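Commentary on secondary and tertiary structure
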Amino acid sequence: MDYNQIADKLSCILKAKRFKHSLGVSQSAAELAARFGEDVDKAKLTGLLHDCARGLSSNNLLQRAEAFFIGVNDVKLPQPVLLHAPVGAYLARNEYGISDPQMLKAIALHTTGGRDMGTLDKIIYLADCIEPSRDFPGIDKLRSLAFKDLDAAMLAAFDQSLHYVIERSLLIHPATIEGRNYLLLKQNN
Ligand SMILES: [Fe+2]
Ligand SMILES: [Fe+2]
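Residues numbered from 1 in each chain as written. Chains lettered and ligands numbered in written order. Predicted model: local features only at pLDDT ≥ 70, side-chain atom pairs only at ≥ 80, totals over all residues. Heavy atoms only, no water.

A word on the coordination of the iron ion (ligand 1)
The criterion, for reference: In this analysis a donor is any N, O or S atom within 2.8 Å of a metal ion (3.2 Å for sodium, potassium and calcium), and since water is not included, sites may seem incomplete. Only DSSP runs of H or I reaching four residues or more are called helices, and only runs of E reaching two or more are called strands; each is numbered from the N terminus. Here the term buried applies to any residue with accessible area under 20% of the maximum for its type, exposed to any over 50%, and partly exposed to those in between, with areas from a 1.4 Å probe on protein chains only.
The protein atoms that coordinate the iron ion (ligand 1) are Asp51 (OD), His84 (NE2) and His110 (NE2), at distances of 2.1 Å. Counting along the primary sequence, the residues that act as donors to the iron ion (ligand 1) give the motif D-x32-H-x25-H. Taken as an interatomic distance, the gap from the iron ion (ligand 1) to the iron ion (ligand 2) is 3.4 Å; aspartate 51 donates to each of them. Of this pair, aspartate 51 sits in the loop between α3 (40-49) and α4 (58-67) while histidine 110 sits in the loop between α6 (101-108) and α7 (119-130), placing them 59 residues apart in sequence. The class of aspartate 51 is buried, set by a relative accessible area of 2%. Histidine 110 sits in the buried class, given a relative accessible area of 3%.

Some thoughts on the coordination of the iron ion (ligand 2)
Quick reminder of the rule: Sites are called tetrahedral only when four donors show all angles between 85 and 135 degrees, square planar or octahedral only when four or six donors show opposite pairs over 155 degrees and all other angles between 65 and 115, and irregular in any remaining case.
In the first shell of the iron ion (ligand 2), the protein supplies His21 (NE2), His50 (NE2), Asp51 (OD) and Asp128 (OD), at 2.2 to 2.3 Å from the metal. Given four donor atoms and angles of 79 to 172 degrees at the metal, the environment of the iron ion (ligand 2) is assigned as irregular. Take histidine 21: its relative accessible area is 4%, and that puts it in the buried class.

Concerning the nonpolar core
Spelled out, the test is: Among buried residues, the Ala, Val, Leu, Ile, Met, Phe, Trp, Tyr and Cys ones that are joined through side-chain atoms within 4.5 Å form a nonpolar core. Note on definitions: a residue-residue contact is assigned when non-hydrogen atoms from the two residues lie within 4.5 Å.
Residues Ile6, Leu10, Leu49, Val87, Ile98 and Leu126 are the most contacted members of the largest nonpolar core, which totals 49 residues. With eight residues, the single largest contributor to this core is α7. For leucine 10, the residues in contact, after removing those within four places along its chain, are Phe19, Leu48, Leu49, Cys52 and Tyr96.

Observations regarding the pattern of salt bridges
Let me state the cut-off plainly: Every case where a carboxyl oxygen of Asp or Glu lies within 4 Å of a side-chain nitrogen of Lys or Arg is listed as a salt bridge.
By the definition in use, this model includes 10 salt bridges. Residue aspartate 100 pairs with lysine 42 through a salt bridge whose shortest N-O separation is 2.9 Å. Here the residue aspartate 100 occupies a position in the loop between α5 (84-96) and α6, and lysine 42 occupies one in helix α3, the gap between them amounting to 58 residues. Relative accessible area serves as the criterion here: at 21%, aspartate 100 is assigned to the partly exposed category. Among the charged side chains, a network of salt bridges with common partners joins Lys122, Asp151 and Lys186.

Points about the environment of glutamine 63
Positionally, glutamine 63 belongs in helix α4. Among the residues examined, glutamine 63 registers a relative accessible area of 53% and is labelled exposed. Between the C-alpha atoms of glutamine 63 and valine 87, which are 24 residues apart in sequence, the distance is 10.0 Å.

Here we look at the environment of glycine 138
Checked against the element boundaries, glycine 138 lands in the loop between α7 and α8 (139-148). For glycine 138, a relative accessible area of 45% translates into the label partly exposed. In this structure the C-alpha to C-alpha distance between glycine 138 and glutamine 160, which are 22 residues apart in sequence, comes to 9.6 Å.

Regarding the layout of surface pockets
As a reminder, the rule being used: Site definitions follow a grid-based scheme: protein atoms alone, a 1 Å grid, a 1.4 Å probe that fits but cannot get out for cavities, and for pockets an open set with protein on both sides within 12 Å along at least five of seven lines, plus lining residues having an atom within 4 Å of a point. Grid points are joined across faces, edges and corners, and a volume is the space filled by probe spheres set on the points. Each residue is assigned to one class: nonpolar for Ala, Val, Leu, Ile, Met, Phe, Trp, Tyr, Cys and Pro, charged for Asp, Glu, Lys and Arg, and polar for all the others, Gly among them.
Each pocket or cavity is described by its volume, and for the largest pocket that value is around 1,300 Å³. Lining of the largest pocket is provided by 39 residues; of these, Arg18, Arg54, Asp128, Arg134 and Tyr164 occupy positions nearest its centre. Secondary structure elements with two or more residues in the lining of the largest pocket: α2 (16-35), α7 and α9 (150-167). Broken down by element, the lining of the largest pocket gets its largest block of residues, eight residues, from α9. Of the residues assigned to the lining of the largest pocket, the class counts are 14 nonpolar, 13 polar and 12 charged.

Shape is all these values report; function is a separate question.
This is how it looks when you write it as structure tokens:
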């Protein structure tokens, strides 16, 4: 499937707002890839597909996670929405014909992040935060930081994500803490 075929399919599967967000992530990912010398087409397609499992119900996500042997830990079990990232990576491979491991990994990591993320992983994570239809206090600062320094922007995005879950008394996924610790240690060495 090419970009337009995948976009057509997603426009039928996702709600209009989510589809618009996916096109925005695709656009921002392409711009970040151009800025940091990554493959623009790959980033564009990964951004388009990153939320391909976002429309699935919690039960469906849990069933698919079991079928795909995706680990469901104590954080994901009560918050199955987090599973749309790893389940999305499986769908990208099985239903959209994506075989590139970097693209699949970037989709799998886009909600929690993790340690030792590659450039495409960071681009998709950040594009998800800063795409044009996103609006939250501090977004302009995060947008400009993302185009200056991917690691600094990832740290700011992790901090923002942690504030968000703490304010709402949600569970913190350990991968987010690992990702933040990894970048802080890297920065200080
Ligand atoms: Fe997502
Ligand atoms: Fe998203």
